[in-house]
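# Working through the structure, step by step
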Amino acid sequence: MSNLSEAYRDTPVHLHHIIPLDFHAVDSVPESHEWPHSDVLRPVIDEISIPLVDLKDPNAQKLIGHASEDWGIFQVTNHGVPLGVLMDVEFEARRLFSLPVKEKLKVLRSPEGATGYGAARISPFFSKFMWHEGFTIIGSSSVDHAKQLWPHDYESFTDVIDVYQKKMKELAHQILLLLLKSLEISEEDITSWAASTHDSNNGALQLNSYPCCPNPSRAIGLAPHTDSLLLTILSQTHDSSALQIFRDGVGWIAVAPVRDALVVNVGDLLHILSNGRFPSVYHQVIVSEKEHRISVAYFYGPRTDAQVAPLSRIEVPIYRSLSVKEFIGIKAKHLDKALSFVRI
Ligand SMILES: O=C(O)CCC(=O)C(=O)O
Ligand SMILES: [Fe+2]
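Residues numbered from 1 in each chain as written. Chains lettered and ligands numbered in written order. Predicted model: local features only at pLDDT ≥ 70, side-chain atom pairs only at ≥ 80, totals over all residues. Heavy atoms only, no water.

### Overview of the site of ligand 1
Spelled out, the test is: Near, as used in this document, describes a residue that has one of its heavy atoms within 4 Å of the molecule or strand being considered. As used in this structure description, the phrase polar contact means that two N or O atoms lie within 3.5 Å; if the pair is within protein, one of them must be able to donate a hydrogen and the other to accept it, and residues adjacent in sequence are counted only when both atoms belong to side chains. All accessible-area figures derive from a Shrake-Rupley calculation using a 1.4 Å probe, and residue coverage is judged against the displayed protein chains alone. In this analysis, the protein atoms alone were mapped onto a 1 Å grid. Cavities are point sets where a 1.4 Å probe fits without being able to get out; pockets are open sets with protein on both sides within 12 Å along at least five of seven lines; lining residues have an atom within 4 Å of a point. Molecules are considered to sit inside a cavity or pocket once more than half of their atoms lie within 2 Å of its grid points. Secondary structure counts use DSSP, requiring at least four H or I residues in a row for a helix and at least two E residues in a row for a strand, with both numbered from the N terminus.
The full set close to ligand 1 counts 14 residues, and Asn208, Tyr210, His283, Arg293 and Ser295 are the nearest of them. A distance of 2.6 Å is found between an oxygen atom of ligand 1 and a side-chain nitrogen or oxygen belonging to tyrosine 210. Considered on its own, ligand 1 offers 290 Å² of accessible surface; in the complex 94% of this is hidden by protein. Using a 2 Å cut-off from the grid points, one finds that ligand 1 occupies the largest pocket. Counting only elements with at least two residues in the shell around ligand 1, the list comes to β6 (204–210), β7 (222–225), β12 (283–285) and β13 (293–300). When residues of the shell around ligand 1 are assigned to their parent elements, the largest contribution, four residues, is made by β13.

Right under this line is the structure:
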């Protein structure tokens, strides 16, 4: 059992916050999923785009350092993950989510669990449910689940997941190294953080499904949140700008997908490590009437027993030191307020 799974065990989630709606069985948005207009129809700016960085650019380190400082999010091209690998994982995710509900419930996340099929982990914090179903994979957790879903043919799923996790881990390591190098921290800190995170095997893969919605102006795909670990790499092979980020002083901005690019965003742990210099970005997802969107998020994090504290040698720390496990516990109880609980 992975450490990350253990970290979630102390904050069980009630089953009604785990079992998603049978989206195919409804032709209107039930009241349980109907959000106030003001929550959904926020003005969104789509003329401003988040930074796009070519990882082969000799200035890539500086560029992603600036982007993380200014935006907490950017897109990368020339990332070394073949388009075929991105398409394969999306294909397998679609295959999983298109199974009948009865099948998907065989691999339902347990109340104390972190892996399997279910609603978003942030669901209990909101009075309305989201137009979303997910499948979480930590380490090799998908092997048992895939065997339950496709007893005679589980390997096509697990092989694709395995390749994807390896590619994401290498890319996340490369990006983390570039980000750490752009902070004023010691070489030892850079090496030890990058190496211990790489060795930790604490990444998690989240397959997200946003089924077509009969009334997208009243439903939310994923409610506003920040991601908890160091950084997230998101693949969205579709053309729609469903992901939105919140920018102080501007408001909600749509993240327009760029062909072959991956989205990278700063998570809470990197926010703490960088003493707030790389802010974790607040984001949400909207839904569509015509498009069943799939996205795949890879969350990259250190060992859950690792201590996290600001690494800067020149600034006064504004966050206290705590273990990853402690932070996950605080986040599971307080969501958006988690970082304020860690402020000195
Ligand atoms: O689907 C997306 O665009 C974002 C997914 C996301 O925010 C998450 O999985 O945490
Ligand atoms: Fe997220």
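So much for the structure itself; the text now carries on.
### Some remarks on the UniProt feature "domain: Fe2OG dioxygenase" (unreviewed entry) in the protein
Stated precisely, the cut-off is as follows: UniProt positions are given in the numbering used here, feature names are shortened, and annotations may be inferred rather than shown by experiment.
Per the UniProt record, the feature "domain: Fe2OG dioxygenase" (unreviewed entry) sits at residues 200–302. What you have in residues 200–302 is 7% helix and 40% strand, and the ends, taken at the C-alpha atoms, are 6 Å apart.

### A look at empty space enclosed by the protein
For clarity, the threshold we go by: Grid points are joined across faces, edges and corners, and a volume is the space filled by probe spheres set on the points. Ten residues, namely Ala, Val, Leu, Ile, Met, Phe, Trp, Tyr, Cys and Pro, are considered nonpolar, four, namely Asp, Glu, Lys and Arg, are considered charged, and the remaining ones, Gly among them, are considered polar.
What the rule picks out here adds up to three cavities of 30 Å³ or more. Roughly 70 Å³ of volume is contained in the largest cavity. Around the largest cavity sit Ile19, Pro20, Leu21, Phe23, His33, Ala119, Ala120, Ser123, Phe129, Met130 and His132, which together line it. Its residues assigned to classes, the lining of the largest cavity shows eight nonpolar, three polar and no charged. Its volume calculated, the second largest cavity comes out at about 60 Å³. Around the second largest cavity sit Leu21, Asp22, Phe23, His24, Phe97, Val101, Lys104, Tyr117, Glu133, Pro211 and His292, which together line it. By residue class, the composition of the lining of the second largest cavity is six nonpolar, two polar and three charged.

### Concerning the pairing of strand β5 (residues 133–138)
The criterion, for reference: Whether a residue is buried, partly exposed or exposed follows from its accessible area with a 1.4 Å probe, protein chains only, as a fraction of its type maximum: under 20%, in between, or over 50%, in that order. Pairs of strands are assigned from DSSP output, requiring at least two bridges between the strands.
Along β5, six of the six residues are buried, which leaves the element largely enclosed by surrounding structure. The two faces of β5 match: Glu133, Phe135 and Ile137 on one face and Gly134, Thr136 and Ile138 on the other face are all buried. Summarising the sheet, strand β4 (residues 116–118) and β5 pair through three bridges and their orientation is antiparallel. Across the sheet, residue glycine 118 finds its bridge partner in β5, namely glycine 134. By the bridge criterion, six bridges tie β5 to β6 in an arrangement that is antiparallel. The residue bridging glutamate 133 from the neighbouring strand is serine 209, located in β6.

### Regarding the layout of surface pockets
Volume-wise, the largest pocket comes out at about 770 Å³. What lines the largest pocket is a set of 43 residues, and nearest its centre among them are Arg121, Ile122, His225, Asp227 and Phe299. Estimated volume of the second largest pocket: approximately 390 Å³. Around the second largest pocket sit 20 residues that line it, and Asp248, Pro279, Ser280, Val281 and Tyr282 are the ones nearest its centre. Taken together, the elements giving at least two residues each to the lining of the second largest pocket come down to β9 (243–247), α9 (268–273), α10 (324–334) and α11 (338–342). Of the residues forming the lining of the second largest pocket, the biggest block, three residues, is contributed by β9.

### Regarding the sheet that holds strand β1 (residues 44–45)
If you walk across this open sheet you meet the five strands as β1-β10-β9-β12-β7, and the pairing is mixed. Each end of this open sheet is capped by a strand with a single partner; those strands are β1 and β7.

### Quick look at the coordination of the iron ion (ligand 2)
A metal bound by six donors in octahedral fashion has ideal angles of 90 or 180 degrees, whereas one bound by four tetrahedral donors has an ideal angle of 109.5 degrees. Rules: Donors, by definition, are the N, O and S atoms found within 2.8 Å of a metal, the threshold being 3.2 Å for Na, K and Ca, and water is not counted, so a site can look incomplete.
Protein coordination of the iron ion (ligand 2) is provided by His225 (NE2), Asp227 (OD) and His283 (NE2), with donor distances spanning 2.1 to 2.2 Å. Owing to a relative accessible area of 7%, histidine 225 belongs among the buried residues under this scheme.

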